[in-house]
Amino acid sequence: MTAIRKVLIVGGGTAGWMTAAALAKALPREVAITLIESEQIGTVGVGEATIPPINTFNQMLGLDEAAFMRATQASFKLAIEFVDWMGPDHRYLHPFGGFGLDIEALKFHQIWLRALHEGWAPPIDAFNLSAQASHLGRFSLPSRDPGQVMSSLKYAFHFDAGLYAKHLRAYAEQRGVARFEGKVAGVAQHGETGFVESVTLEDGRTLEADLFVDCSGFRGLLIEQTLKAGYDDWSHWLPNDRAVAMPCETGGDGLTPYTRATADAAGWRWRIALQHRTGNGYVYSSADISDDEALARLRATLDGPALAEPNFLRFQAGRRRQAWIKNVVAIGLSSGFLEPLESTSIHLIQAGITKLLALFPDKGFYPVEIAEYNRLTAQQVELIRDFIILHFKANARTEPYWVRAREMAIPETLQRKIDLFAASGRLFQSDYDLFAEPSWVAVLLGQGVVPRRHDPLVDALDDEVVRGQLSRLSALIRRTAESLPTHDAFIARYCAAS
Ligand code: FAD
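None of these values were measured; they are calculated from a predicted model. Each chain has its residues counted from 1, following the order in which its sequence is written. Only residues with pLDDT of 70 or above have their local features reported here, since the model is predicted, and side-chain atom pairs are shown and tallied only from 80 upward, although totals for entire chains, interfaces and linings are computed over all residues.

Student: Help me get a handle on the site of the ligand, residues and values and all.
Tutor: Being near a molecule or strand means, for a residue, that its C-beta atom, positioned from the backbone, comes within 6 Å of it. Taken together, 39 residues lie near the ligand, and Gly 11, Gly 13, Gly 47, Gly 217 and Gly 332 sit nearest. For the purposes of this entry, the term helix denotes a DSSP run of H or I that reaches at least four residues, the term strand denotes a run of E that reaches at least two, and both are numbered from the N terminus. Counting only elements with at least two residues in the shell around the ligand, the list comes to α1 (14–26), β2 (32–37), β13 (242–245) and α8 (345–358). Here the element with the most residues in the shell around the ligand is α1; it accounts for three residues. Residue type decides the class: Asp, Glu, Lys and Arg count as charged, Ala, Val, Leu, Ile, Met, Phe, Trp, Tyr, Cys and Pro as nonpolar, and the leftover types, Gly among them, as polar. Taken together, the residues of the shell around the ligand break down into 18 nonpolar, 17 polar and four charged. The domain boundaries here were taken from an automatic or database domain assignment. Built from parts of two domains, the shell around the ligand gets at least three residues from each of domain 1 (6–48 + 160–234 + 316–365) and domain 3 (242–314).

See below:
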C-alpha cells in the first residue's frame, strides 16, 4: 500500500471540474491533481437546475455567492412546478423546505390531513414559504435566526452548467490543478492487479496516476470501457431515453424562481429561466414519439425565439453496478443517469465527491472502504430512483405512455411507501434518502395519493388550537412572502453589487 500522490481526473464537464475544485480545496498540496478534457468530444452541454445541498458545496469551496451567480448567469430556485401530470390544467409545487410546524411530536402534515378530512384545509403549500414566494415570484435570502419565518426559506440555483464548470476551472487552476487538452486513446493496466496505471493521449503523451476519477460522461471510459463495471438498466421503470434541449429568449412568465416540469404526450418538458436565457427541453421515450415530433412539441411551447440549434441527447436510465473499482472512481454521468426531473445529477456528483473525500484512500486502496463507497452510492441512487418513478406511476393522464406508467409494476420499496402513505399518511425516512419527508408529502399529495386516514393522535388536539394555529401560520407565511422583493429585482441588486 502506497500513499496517493497523483490524482488524474478524466473529463472536464460539470463532474470533472466539480471534482477538481473540491479535491484541490480539500487535499494536501503534495497531492498533484491533473485533469484531461477533450474539446473534440465536448461535454453533454445541459444541466441547469440544482437542489439546496449545492449551497454546502459552494460554501465548502468558499465561493462568493454573488460572483458565482454573475459568472453562471444564475437565478434562484425555490421549487419545481409540476404541470398537467394529473391531467389538463392541474399543477402543484414541490417546494424546498418543510411544511408548517409540528405540534409536539405530531407531524404537521398529519395535522393538515385532519383539516383536509374535516373539509376545511387550505392547500398544503400555504404552509411553505418557498412555495408562497414561488407563487408570487418573490425572493430574498433566508434569515439565519431560526426564530424567524424567513429562516424556513430554502433555495438552490438554476445556472448554466457550462459556465459553472468554467468558474470552477478557474478556481481549480488557481489552486494548482494542471489541465491537459487531448483525447485519451489508450489505457494501461497493471498486468496482475488490473489497476489502471496510465492513460495515453492521441498525441502520444502518457499520464500516470495513483487514483483515477472517471468523469468521462456516459461512455464511462475507465469504469466501463476498461474495467467493465456493468450497468443496472432501469428503463423498464423509466423508459425515457432521449431528450432535446433548446434555449430561447425569456418571455412568458419571465424569470421564475422555480423550475417548471410539464407532462407531455410521451414524456415531459422543462422550463428553466436563467438571467440571460431560458433553458427548455423535452425528455421523452423514443418508443412513443419521434425526434422530429418531440422537437416540434418543444418548439411550439417555447417562450420566445430560439437561441441555438436543438441539442439531442440519448441515455439509458440506470446505474453503474460499481462506481468504484480498484483505483478508479466514477463520478457524474459515467456512474449512471436518472432523468433530470428532480435535478439530482449535479447533486449526485457532489455526493460522490463527498463520499470520496470521506473515504479517501490516502494510504492505498482497502476493499472495505471501496465496498462502503459502492454500498452508499447504490442506496442513495435507488432512493432517488424510487422518488422519480413515483411521479410517473401516480399520474392521471390518458395517453398510452402514461397509462403504461400507471399500470407498471414498481420497485417493492416504493410500492410499500405509497401504500403506507395512502392508508394513513405515515412516512418513514430511510437512511440516506436525499428527499426528506416534506418532499415525499408534496409529490405524493400532488400526484393524487391522498391518505384515507390521518394519525389518530392528531384527533386529541383541541379543535380551536388546530384552526387557530393553521390560520395564523398560513397568514404569517403569506405576509412574509408578500414582503419580499421580486425575484428579478433581487437578482439585479444582488448580482450588481461588487
Ligand atoms: P460530460 O458533460 O459528458 O463531460 C464528459 C467529459 O469527459 C468532457 O469534458 C469530455 O470531453 C471528456 N471526455 C470523454 N471522453 C474523453 C476522452 N476519450 N479523452 C478525453 N476526455 C474525454 N443535472 C442536474 O443536476 N440538473 C439538471 O437540470 C440536469 N439536466 C439534464 C438534462 C439532460 C437532458 C441530461 C442528459 C442531463 C441533465 N443533467 C442535469 C445531468 C448533467 O448534465 C450532468 O450530470 C453533468 O453535466 C455532468 O456531466 P459529466 O461531467 O459527467 O459528463
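Student: For unusual backbone geometry, give the residues involved together with the corresponding values.
Tutor: One non-glycine residue with positive phi stands out, namely Gln 73, at about 60°. Within the element layout of this structure, Gln 73 appears in the loop between α3 (65–72) and β3 (75–77). Neighbour counting defines burial: a residue surrounded by 20 or more other C-beta atoms within 10 Å of its own C-beta is buried, one with 12 or fewer is exposed, and intermediate counts give partly exposed, using backbone-placed C-beta atoms. Judged by the 17 C-beta atoms lying within 10 Å of it, Gln 73 falls in the partly exposed class. Despite not being glycine, Asp 84 has its phi angle at roughly 70°, a positive value.

Student: Run through the sheet that holds strand β21 (residues 336–337), naming residues and quoting values.
Tutor: Hydrogen bonds between backbone groups are what pair the strands of a sheet, and the pairing can be parallel or antiparallel. Strands are treated as partners if at least two bridges between them are detected by DSSP. If you walk across this open sheet you meet the three strands as β12-β18-β21, and the pairing is antiparallel. Strands with a single pairing partner mark the edges of an open sheet, and in this sheet they are β12 (231–233) and β21.

Student: Describe in detail the sheet that holds strand β4 (residues 79–83), supporting the description with residues and values.
Tutor: In space, the seven strands of this open sheet follow the order β5-β4-β14-β15-β16-β13-β17, with mixed pairing throughout. Two strands bound the open sheet, and with one partner strand each, they are β5 (91–95) and β17 (311–314). When strand polarity is set aside, the average angle formed by the axes of neighbouring strands in this sheet is 20°. Across four bridges, the pairing between β13 and strand β16 (residues 278–284) is antiparallel. The residue bridging Ala 243 from the neighbouring strand is Val 283, located in β16. Here an angle of 0 to 180 degrees is reported between the N-to-C directions of two axes, which are lines fitted to C-alpha atoms, with helices fitted over the stretch in contact.

Student: Explain the pairing of β16 to me, using residue names and the numbers behind them.
Tutor: A large share of β16 lies buried, amounting to seven of its seven residues. Every second residue of β16 is oriented toward a common face, with Thr 278, Asn 280, Tyr 282 and Tyr 284 on one face and Gly 279, Gly 281 and Val 283 on the other, all of them buried. With seven bridges joining them, strand β15 (residues 267–273) and β16 adopt antiparallel strand pairing. Its bridge partner being in β16, Gly 267 is matched across the sheet by Tyr 284. The antiparallel pairing of β15 with β16 creates a hairpin that spans four residues between the two strands.

Student: An account of the pairing of strand β9 (residues 196–201) is requested, with residue identities and associated values reported.
Tutor: Here strand β8 (residues 184–189) pairs with β9 via five bridges, running antiparallel. Each bridged residue has a counterpart across the sheet, and for Gln 189 the counterpart in β9 is Val 196. With antiparallel pairing between neighbouring strands as the criterion, β8 and β9 make up a hairpin whose turn holds six residues, including Gly 194 at a positive phi of roughly 80°. Alignment of β9 against strand β10 (residues 206–208), held across three bridges, turns out to be antiparallel. Note on β10: the bridge partner recorded for Ser 198 is Glu 208. Linkage of β9 to β10, two consecutive antiparallel strands, is achieved through a turn of four residues, within which Gly 204 is found at a positive phi near 100°.

Student: Account for the nonpolar core, with residues named and values stated.
Tutor: Each nonpolar core consists of buried Ala, Val, Leu, Ile, Met, Phe, Trp, Tyr and Cys residues. Their C-beta atoms, within 7 Å, join them into a set. By size, the foremost hydrophobic cluster in this structure holds 134 residues, and its most contacted members are Ile 9, Val 10, Ala 20, Ala 21, Phe 212 and Val 328. Note that contacts rest on C-beta atoms placed from the backbone: two residues are in contact if these are within 7 Å. Beyond its immediate chain neighbours, meaning those up to four positions away, Phe 212 contacts Leu 8, Val 10, Val 196, Leu 222, Asn 327 and Val 328.

Student: Tell me about the domain arrangement of the protein, residues and numbers included.
Tutor: Structurally, the protein comprises domain 1 (6–48 + 160–234 + 316–365), domain 2 (96–155 + 384–487) and domain 3 (242–314). Using only C-alpha atoms to locate each centre, domain 1 and domain 3 end up separated by 29 Å. Listed as interface residues are nine residues of domain 1 and, on the opposing side, 12 residues of domain 3. For the side of domain 1 that touches domain 3, the per-class residue count stands at four nonpolar, two polar and three charged.

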